[in-house]
Amino acid sequence: MVRHARHGPAGRLQPRAMHGWIIIDKPLGPGSTQIVSAVKRALRTGGYGKVKVGHGGTLDPLASGVLPVALGEATKLSGRMLDADKAYDFTIGFGVETDTLDAEGKAVAVSGVCPTLDAIEAVLPRFTGAIEQVPPAYSALKIDGQRAYDRARAGESFEMKTRAVTIHSLTIPSSSEPLRGNEGLNEITLSCSVSKGTYIRSLARDIARALGTVGHVTMLRRTKAGPFTLSQAISLDKLDELAKGRQLEKALLPLTAGLDDIPALSVTPDQARALREGRRLIGIAAPTGLNLAIDGDMPVALVEVEDREVRVVRGFNMMSKEDR
């Protein structure tokens, strides 16, 4: 994407706002909102135009990995990213369960039982597919209008309701094979792909309990969020380096990268104009359901197609070819 597009006062080139995704490999420590702030600072450092920035899925401070950050018109797709499947690597430390279900909390239960690799392998099918889980008390879910973690920190007692989630896959990496034998393990690292709303801390707790012991998450790394993977992610240091060199475009993925699972519907300039004005298109041959309307290579809108009728679900205010 070309950074400078227009001449401003005194003929100076003005920075053009960016629309798309920057995928950050979030380190341990900062929360998701702090990463968004880091991207905003990078945009200012690089002299880019003011643009809206948001993230596509919260990661706890104690978690690392893929955090999609949406810029400009891509922020309109953040909700879709929140609903997308995610993949994680996580380590369960056996012998101690904490109130937060991670290494930050205080111990609430202990056990001397350390399961074998064979025992762990045997129990995993029970947690694959559609399951129900109780979210952690230390979570952002609201209970009677208040965040659960606020009530938990205040020492209140309350009930977390069971919720249905889907574990698409849950496996032991092949690197764990040397651990096979009769000796119990103090910890195990697992890989999973899960639906939205799945709490890995709860999954770790329940696996440990099913093995006749207790446990908590000691490592959590997100390896995929929707279509985005670690191979596309950059570190905060790289973000800073690109910003200082005014080269953030090198890390920018197009808005459409977040819509890889959506069929593209090519429209004419006149049809694109109609959609931008919120009008419906009639008699259009396109797959039923959600489509991405595009004019050339320019995203126009997310549209819903039914009975050859096209209506706008979410429009994109993108610069046309003539304006580039």
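Parameters and conventions
- Residues numbered from 1 in each chain as written.
- Predicted model: local features only at pLDDT ≥ 70, side-chain atom pairs only at ≥ 80, totals over all residues.
- Heavy atoms only, no water.
- Helix = DSSP H or I, 4+ residues; strand = E, 2+ residues; numbered from the N terminus.
- Buried < 20%, exposed > 50% of the residue type's maximum accessible area, 1.4 Å probe, protein only.
- Contact = heavy atoms within 4.5 Å.
- Lys, Arg positive; Asp, Glu negative; His and termini not counted.
- Charge placed at Lys NZ, Arg CZ, Asp CG, Glu CD.
- Core = buried A, V, L, I, M, F, W, Y, C linked by side-chain atoms within 4.5 Å.

A. Representation of the overall build of the protein chain within the structure. Looking only at helices and strands, the protein chain features seven helices and 21 strands. Dimensions of the protein chain, computed from C-alpha atoms along their principal axes, come out at roughly 70 × 50 × 45 Å. The buried share among the 324 residues of the protein chain stands at 45%. Sequence-distant contacts, at least 24 apart, represent 70% of the contacts inside the protein chain between residues at least 6 apart. Computed over 42 positive and 37 negative side-chain charges, the inter-centroid distance for the protein chain is 8 Å.

B. Region of interest: the nonpolar core. If you look at the biggest cluster of nonpolar residues, it comprises 50 residues, and the most contacted ones within it are L43, L71, F90, L170, I207, L239 and L248. No other element matches the six residues that helix α1 (residues 32-45) contributes to this core. Other than its neighbours up to four places away in sequence, L43 contacts M18, Y48, V51, V53, L71 and L248. By size, the runner-up hydrophobic cluster in this structure holds 21 residues, among which are W21, V66, I294 and M298.

C. Helix α5 (residues 200-210), seen in detail. Burial of α5 is extensive: nine of the 11 residues sit out of reach of the surface. Of all the positions in α5, only I200, R201, S202, L203, A204, R205, D206, I207 and A208 are classed as buried.

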